[in-house]
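# Residue-level structure breakdown
Spelled out, the chains give:
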Protein chains: 2
Amino acid sequence: MTHYLLTLCFDGRKFCGYQVQNTTDGEKRTVGGELKKALISVFGTVENLAGCSRTDSGVHATGYRASFSAEKNLDDGVVVRAVNANLPNDIAIYECRKVSEKFHARYSVISKKYVYKIYTSPVRDPFKNGLYLHFPHKIDAQVLNCACRDFCGTHDFASFMAAGSKIKDSARTVYEASFYPVCENEYAFTVTANGFLYNMVRIMVGTLLEIQTGKIDLHAIPAIIEKKDRSFAGYTAPADGLYLCEVRYDNL
Amino acid sequence: MTHYLLTLCFDGRKFCGYQVQNTTDGEKRTVGGELKKALISVFGTVENLAGCSRTDSGVHATGYRASFSAEKNLDDGVVVRAVNANLPNDIAIYECRKVSEKFHARYSVISKKYVYKIYTSPVRDPFKNGLYLHFPHKIDAQVLNCACRDFCGTHDFASFMAAGSKIKDSARTVYEASFYPVCENEYAFTVTANGFLYNMVRIMVGTLLEIQTGKIDLHAIPAIIEKKDRSFAGYTAPADGLYLCEVRYDNL
């Protein structure tokens, strides 16, 4: 068996996330489902197909990772071209490499980085639908960037986890969080952590935007974390602006 | 009656062009159709709604113009906000101004400018689907830009008009045409003229790309124009990369 790791990019607007879902309505369109079909076309059969993360409906990726095993041993460049030829045009493979048998795209993750894109022009931009959050208000990026520092470090992020999540250990280590201007009327929030709770980035963004609008105090983040209660954090920003942009592994 | 001119932006991917079309299959989704519905919501009734140009299915605009008349006299800013609130999110009004009774968004045009966007990375970019032409080959922008000079001036552009067009006078004046790099792996072709024939920009782009691939000689454009025969020009590049970006009027 040969073990492969793919790096891929997808526009999440027409996907119900990564994970293959079988529902009573029939199969929903997922990145994992489309990828599996393309891999079967190229390799015949594949085993252990694993994505680095479940992603929500509408979330995008510029650096998603997926691993799988197959009997066929193909050159990396051949895999990229052949799998792309079998994928719909809202997913593209950027890189393929061989990994060890023990490697797993999800369990071997050391850190993941997300970016959340926001634009603030008064009139909406038809070309940014579903790709950015439209927040037509003034943003003070320096102030929000200061607030971001309070996310950094190892904390129990239960306040930044979707209500009803079943995860027991909600401690995560945030290595970096920043909020900055990208160009006129465009801003980005980036955050890198050893792992993320369900909706964690979107609740962080909602909290920062409520700091901007004055609904939450600039210095409140440490106290919100301390509460370990979802109701103290800001709203869950929509999936539109969220991109999984980088996944790191040990020994890779 | 008050006479209005709107500047609008639309993502053409889900539109069958601007012009309202009634077909036996029922009404197709058009920019003009959506605009008319939104204007009726705001003004009650509107008259003489006119777009600056028919555009093909899939063609985009960042500076489209439409004029209309209504009994109600509303402030420009109010029109922008109210009409946007009634439009789907792949169209947005950027500006509204009052014009004279004689003004017509199409007949009063002095010049129009189009841009055509191309990207050349070997792997397709899911975020550019339908917004750029993917041409995964090397482009020598300087060479193509030299060829563009031959489009400039007043010529009979019959060779650059879709076969079967019924227009009799195919002379047009091209004021500017250029091909240039935008950023790594991205290029743009811009052309400004007093008017355009059906598919003219897309055939110009197809011709430039066939010059790039060596199928058409670098210096052949004057001879192709001279032939006044569609079969001598290059292929019709897809609508994907085409944007109507600027429309100029006299006394505006």
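Presented here is a report on the structure given in the accompanying data block.

## Some words on the relation of the copies chain A and chain B
Each copy of the chain is related to the other by a rotation around an axis and a translation along that axis. The two copies are related by a screw operation: chain A maps onto chain B through 180° of rotation and 0.0 Å of translation along the axis, at an RMSD of 0.0 Å. Classification of the inter-copy transformation places it as that of a two-fold axis. Considering only C-alpha atoms, the residue of chain A closest to the rotation axis is Phe127(A), which sits at 5.2 Å. A share of 100% of interface residues in chain A that are also interface residues in chain B marks the association as one of identical surfaces.

## Considering the pairing of strand S10 (residues 171-183) of chain B
Here is the key point about a regular strand: its side chains alternate between the two faces of the sheet. All names here are of chain B. Here strand S9 (residues 153-156) pairs with S10 via 4 bridges, running antiparallel. Its bridge partner lying in S10, Gly153 is registered against Val174. Where S10 hands over to strand S11 (residues 186-193), the hairpin turn is made up of 2 residues, of which Asn185 adopts a positive phi near 65°.

## Comments concerning the interface of chain A and chain B
The parts lose accessible area when they come together, and the size of an interface is often stated as this lost area. If you look at the interface, chain A gives 25 residues, while chain B gives 25 residues. For the chain A and chain B pair, buried surface summed over both sides reaches about 1,800 Å², with 59% attributable to carbon and sulfur atoms. Among the residues of chain A in contact with chain B, Arg124(A), Pro126(A) and Phe127(A) are the three that bury the most area, contributing 39% of the side total. On the surface where chain A and chain B come into contact, there are 0 salt bridges. Where chain A touches chain B, the interface holds 10 residue pairs in polar contact (both at pLDDT 80 or more). Listing elements by their share of the side of chain A that touches chain B, those giving two or more residues are strand S1 (2-10), strand S5 (60-70), helix H2 (76-85) and strand S6 (91-98) of chain A. Considering only residue class, the side of chain A that touches chain B consists of 15 nonpolar, 5 polar and 5 charged.

## Remarks on the side chain of Arg202(A)
Residue and element names in this part refer to chain A. Among the structural elements, Arg202 can be located in helix H4 (residues 200-212). Reaching out from Arg202, the side chain makes a polar contact with the backbone oxygen of Ala237 at a distance of 2.7 Å. If near-sequence neighbours (up to four positions away) are discounted, Arg202 is found in contact with Asp56, Tyr116, Tyr235, Thr236, Ala237, Pro238, Ala239 and Leu242.

## Brief notes about the side chain of Ser67(B)
Residue and element names in this part refer to chain B. Along the chain, Ser67 falls in strand S5 (residues 60-70). Classification of Ser67 by relative accessible area gives buried; the value is 4%. Those residues in contact with Ser67 that lie beyond four places of it in its chain are Tyr4, Leu5, Asn48, Leu49, Ala50, Phe103, His104 and Ala105.

## A few points about the pattern of salt bridges
Residues and elements named next belong to chain A. What the rule picks out here adds up to 19 salt bridges over all chains. Between Lys98 and Asp76 there is a salt bridge, and its shortest N-O distance comes to 2.6 Å. You can see Lys98 sitting in strand S6 and its partner Asp76 sitting in helix H2, a full 22 residues away along the chain. With a relative accessible area of 33%, Lys98 lands in the partly exposed category. Classification of Asp76 by relative accessible area gives partly exposed; the value is 28%. One network of salt bridges, in which partners are shared, links Arg29, Glu34, Lys37 and Asp90.

Parameters and conventions
Residues numbered from 1 in each chain as written. Chains lettered and ligands numbered in written order. Predicted model: local features only at pLDDT ≥ 70, side-chain atom pairs only at ≥ 80, totals over all residues. Heavy atoms only, no water. Least-squares fit on C-alpha atoms with pLDDT ≥ 70 in both. Contact = heavy atoms within 4.5 Å. Pairing = 2+ DSSP bridges. Helix = DSSP H or I, 4+ residues; strand = E, 2+ residues; numbered from the N terminus. Buried area = accessible area lost by both parts, 1.4 Å probe. Salt bridge = Lys/Arg side-chain N within 4 Å of Asp/Glu carboxyl O. Polar contact = N/O pair within 3.5 Å; in protein donor to acceptor, adjacent residues only side chain to side chain. Nonpolar A, V, L, I, M, F, W, Y, C, P; charged D, E, K, R; others polar. Buried < 20%, exposed > 50% of the residue type's maximum accessible area, 1.4 Å probe, protein only.

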